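Take a look at the letters that make up each chain.
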Amino acid sequence: MSARPRNVLTVRAALLIATSLTLVMIGLIVAALTVVVAPSATTLRARASRTLTDFTVQAKLASALEGMIEEFRLLIEHPEEGVLTTGELNIRRLRVEALLRSKTMLQPDLDPATFSPSLGLAIEAADVSATHLGSAILGMVGALDVADTPAARRLLARADSLEDEHRRSIVRVTAEALSDLALAESRLERDAGLIGILFAVWLLTVVIAVPVLWWLLQRRLFTPIAALDESLTRIRAGDLNVELPVTRLDELGRLSTHFNNTTAVLRSQRAALGRAAAAAAVAESEQRYRDAFEHAAVGLAEIALDGTYVRINRAMSAILGREPAEIVGHRFTEFTHPEDASLDMLAWPRLLQGEPIVRIEKRYRRGDGSLASVHVTGALLTDSDGAPRQVITVVQDVTEQRRLEHELLQSMKMDAVGQLAGGVAHDFNNLLAGIIGYAELLEHDAGSSDEVREDAIAIRRTASRGADLARSLLTLARRNPHREEPFALDAMLRETVDLIRRTFDRRIEVHASVELHATIRGDRSLLSNALLNLALNARDAMPTGGTLHITAEESSPSTTFRVRHGVPGDGPMVCITVRDSGAGMPPDVLRRVFEPFFTTKETGKGTGLGLAMVYGTIKDHRGTIVLESAPDEGTTARVFLPCTMDGVAPSLSERTIIPAAPGVRVLVVDDEDLVRDVAVRMLHRLGYDVEAVEDGIRAIERLDRDDHGFTVVLLDGNMPRLNGIETARRVHARHPALALVYASGFFDPADQEDLPSLGFRERLVKPYTMEALSRAIALASGQRLTPT
C-alpha cells in the first residue's frame, strides 16, 4: 500500500515567491537609480553645460572688447596713421552697444540646480566689470567723435585698468564653476556607491537563492516530469500498463493522478477501438480504391469470369463513347472491332489460366461508329483461397498517338517519293527543256513554213504536258517549284466548274457557289488540277449519278485548328468545299486516302497518286485539307487556303517575249549539252550577248578572269563537281554585283530561303519557254517591265 500524499507548498507558489523577491530587489535598485543617481547626474550635466556656455560667451566678449581697445589705442597714440570718420565711429559705437546687450546672456537664472550662490555672485561681478569696460570704450568713441584726444587718452587708461579687472572676474567665475562641478561629482560618486551596495546585496541574494531554487525545481518539477516523459514514451510504444507515483498533492501530483486515470480508461477501450479501427481501415481502403478507380486518367474495367463488364470508370466510358448503362452487363467482345476479335480469343484464356499480366493492342467501336485504338493490360484477381474472382483491365487510349504515327509515316512516305521524283524529274526536265526549246526556236524562226510552225507548236504542247506530269510528281513531296503569282479565286473556280460540267456524266448534278472575290497567291494551274482531282474522285464515287456541290466562302479557323493542321499565321483564309452524295468511305480507308499509290479502284483504273498530289499541292500553298466521310453518306472535302481580299494587280502576259536590253551580257552555266545549247540559242534569238560553260568550276574561273562584261549568270541547280548553290556562294563572294538566275527542275525547300542572300534575283523552272527565259533575264538585269 502506497503512502498517502502530503499537502506541501505548490511549485507554482514557490516560483511565485522567488519571482516576487527578485522583482522587489530589482525595483529597489531601479528606484534608487531613478530617485538618487539620476537627479545628481542631471544636475552635473546641466551645470557642466551652463558653465561651458558661460565661459565661452565670456571669453568671446572679453576678446571682442580687448580688440576694440587695441584698435582705439592705435588711433589715439598714432594719429598720423589715419582718422576715423563720424560714420565709422558710429559703427564702432553700435558694435560696443551690441556687445553690452549680449552680456544679458551671462545673467544667471538663480536656479540652485544649475548655479551655486558663489558662482552666481562671481558671474554678476563679471557682468558689472564688463559693463564698466564697455562704458569706458563708449566714452573713448565719444571723445574721438569731438576730437578730444586728451579725454580719449584718459578713458583709454581707465579701459586698461578695467580690462585687467574684467579678466580677474572671469578667472573667479571659472574657479567657482570648477569648484561647483567638483562638488556635484562628489555627490554623484556617493549616490553611485549606494547603488553598488544595493546591487551587491541583490547579487548575494541571487547567489544564495539560485541553488536553493534549483534543488527545489529538481525535486519538485524535473524529476516528476522525467518520470512522466518516460511513461509517455512507453505509451507511445503501445504499453498502457504504466502508473505514476503520487507523493504530494501539488500540481504534478494531481497531473499524475489524472494520467493514471487516463491510462486505465485507455486500457479498457483498447480492445473496442482495435475492432473499430480494423473495420474503418477496411472501409477506407475500399473508398480509396473506388475513388482511384473512378477518377483514374486511364480506362479501368472489372470483368466477370464470363467476360461481362461488372464496373467501369469514367475514362473507360469516354473511350467507348457510351454511357455506363450501355456497357455494364455486356460482354467486352461486343465492343471489339471484328478484325481484332482474334486477339481477344487468344488473350482471355491466357488470363484465366493464371498468366499474371496480359497485354494486347486492339480497336474498339465507339458509340458514334468511329474507332478507338487502345492498349489493354489485364490481370486476374483471386480471393483469399487463391480461386479466380474477376479480371481487371487497364485501357489506355492511343488513338491520337497512332494518328500522329500515321502522319509521320505519311510524311516519310512523301519524302521518299519526293526523293525518287526529284531525281527522275531533274533528268526528265532536262530532256523536256531541250525538246521545248528547239520547238520554240523552230516556231519563232522566220524561215520556218506554216506547217513547220504548227508541228513545232504541237511538239511544244506535248512536251509541256510531260512537264506538267513531272511537276505533279514533285508535288507529292512539296518539291515542286510552283509559280508564286496572285490570281483571282472566283475566276479559277468558274473555269474549273465549267470544265466539270462539260465533261462529267449528265446524271451528276453540279451545283456551284463560287462568287467569292478573294485573291490566292500561288500556282493557278496546280490548284485548279487539285480541285479537278477532288471532283474526279467524287465522280467515281457516284457511278450511277448523284449530286456534286462546290462552294467557296471566307473562313476564320481557330488557333487550335491552325496548330493541329500546320497552317501558319492568323490571316484570313478561304474554304473551298467539294461535297458528293456518293458511296462514302469507311474509317480505315479514310485514314489512308492521301498515301501515295493507295487506291481502292480496280487494277488499271487508278494509280493512287491523285489525292496524294492534291495533298502535296495544298500543303505547298500553306493550306490544309480535311476529309469527312462515312459509308453510304457521301464525302466532303474542305480545302483551306490563305488568301487576301485585295484585287489582282495587272501583269505581263505569259506569252509575251521581252527583247534584250542594250549592253546585257549573259553567262550560261549548265552541265547538260542539250539544255546549254538551247539556252544559248534562245538568248541569241532574244538579242543577248552570250557565253556558256559546262560546270561551276569553269564558271568561277571564267568570271575571275574578266567579270566586267557579264550582267547576268544563268546557273543550273544540279551539276557535278560543284552544284548550283555552292557555285552561287563562291561567285557572289567574289563578284557581288553580278545578278544570278537559278534554273532547276525541282527546288529543295531547305534552299528556298537562301537564294536571295546568295545573289539570286530570279528563279527559272525547267523546262522553260523562251517567254519565261526572256522574263527572268530581263527582271534579273534590272529591266523595267510594263504590264499589259
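Residues numbered from 1 in each chain as written. Predicted model: local features only at pLDDT ≥ 70, side-chain atom pairs only at ≥ 80, totals over all residues. Heavy atoms only, no water.

Peer 1: An account of the sheet that holds strand β17 (residues 760-765) is requested, with residue identities and associated values reported.
Peer 2: The strands making up a sheet are joined through hydrogen bonds of the backbone, oriented either antiparallel or parallel. Taken in spatial order, the five strands line up as β14-β13-β15-β16-β17 in an open sheet, and their pairing is parallel. Edge positions in the sheet fall to β14 (689-693) and β17, since each of these pairs with one other strand and no more. In this sheet, adjacent strand axes meet at a mean angle of 20° when their direction is disregarded. Of the strand pairs in this sheet, strand β15 (residues 712-716) and strand β16 (residues 739-744) are connected by five bridges, and their pairing is parallel. Of the residues in β16, the one forming a bridge with Val-712 is Ala-739. Along the sheet, helix α19 (residues 770-780) contacts β13 (665-669), β15, β16 and β17; its crossing angle with β17, the most-contacted strand, is approximately 175°. (Pairing = 2+ DSSP bridges. Helix = DSSP H or I, 4+ residues; strand = E, 2+ residues; numbered from the N terminus. Axes fitted to C-alpha atoms, helices over the stretch in contact; angles between N-to-C directions. Contact = heavy atoms within 4.5 Å.)

Peer 1: Tell me about helix α17 (residues 724-734), residues and numbers included.
Peer 2: All buried positions along α17 are accounted for by Gly-724, Ile-725, Thr-727, Ala-728 and Val-731. The arc enclosing the buried residues of α17, seen along the axis, measures out at 155°, which places them on a common side. Backbone nitrogen of Ile-725 and a side-chain oxygen of the N-cap are separated by 3.3 Å at the start of α17; the cap is Asn-723. (Buried < 20%, exposed > 50% of the residue type's maximum accessible area, 1.4 Å probe, protein only. Arc of directions from axis to C-beta. Polar contact = N/O pair within 3.5 Å; in protein donor to acceptor, adjacent residues only side chain to side chain.)

Peer 1: Explain helix α16 (residues 696-705) to me, and be specific about the residues and the numbers.
Peer 2: In an α-helix, one turn spans 3.6 residues, which is why side chains three or four residues apart end up on the same side. Where α16 is concerned, the buried positions are Gly-696, Ala-699, Ile-700, Arg-702 and Leu-703. Each buried residue of α16 sits inside an arc of 165° when the element is viewed along its axis, so together they form one side. Residue Asp-695 occupies the N-cap position of α16, its side-chain oxygen lying 3.2 Å from the main-chain nitrogen of Ile-697.

Peer 1: Provide a residue-level description of the side chain of Arg-676, including the pertinent values.
Peer 2: Within the secondary structure, Arg-676 is located in helix α15 (residues 673-686). By relative accessible area, Arg-676 is classed as buried at 15%. Among the polar contacts made by the side chain of Arg-676, one reaches the side chain of Asp-673 at a distance of 2.5 Å. Those residues within four positions of Arg-676 in sequence are excluded, and the remaining contacts are Val-668, Asp-670, Asp-671, Ala-692, Val-693 and Glu-694.

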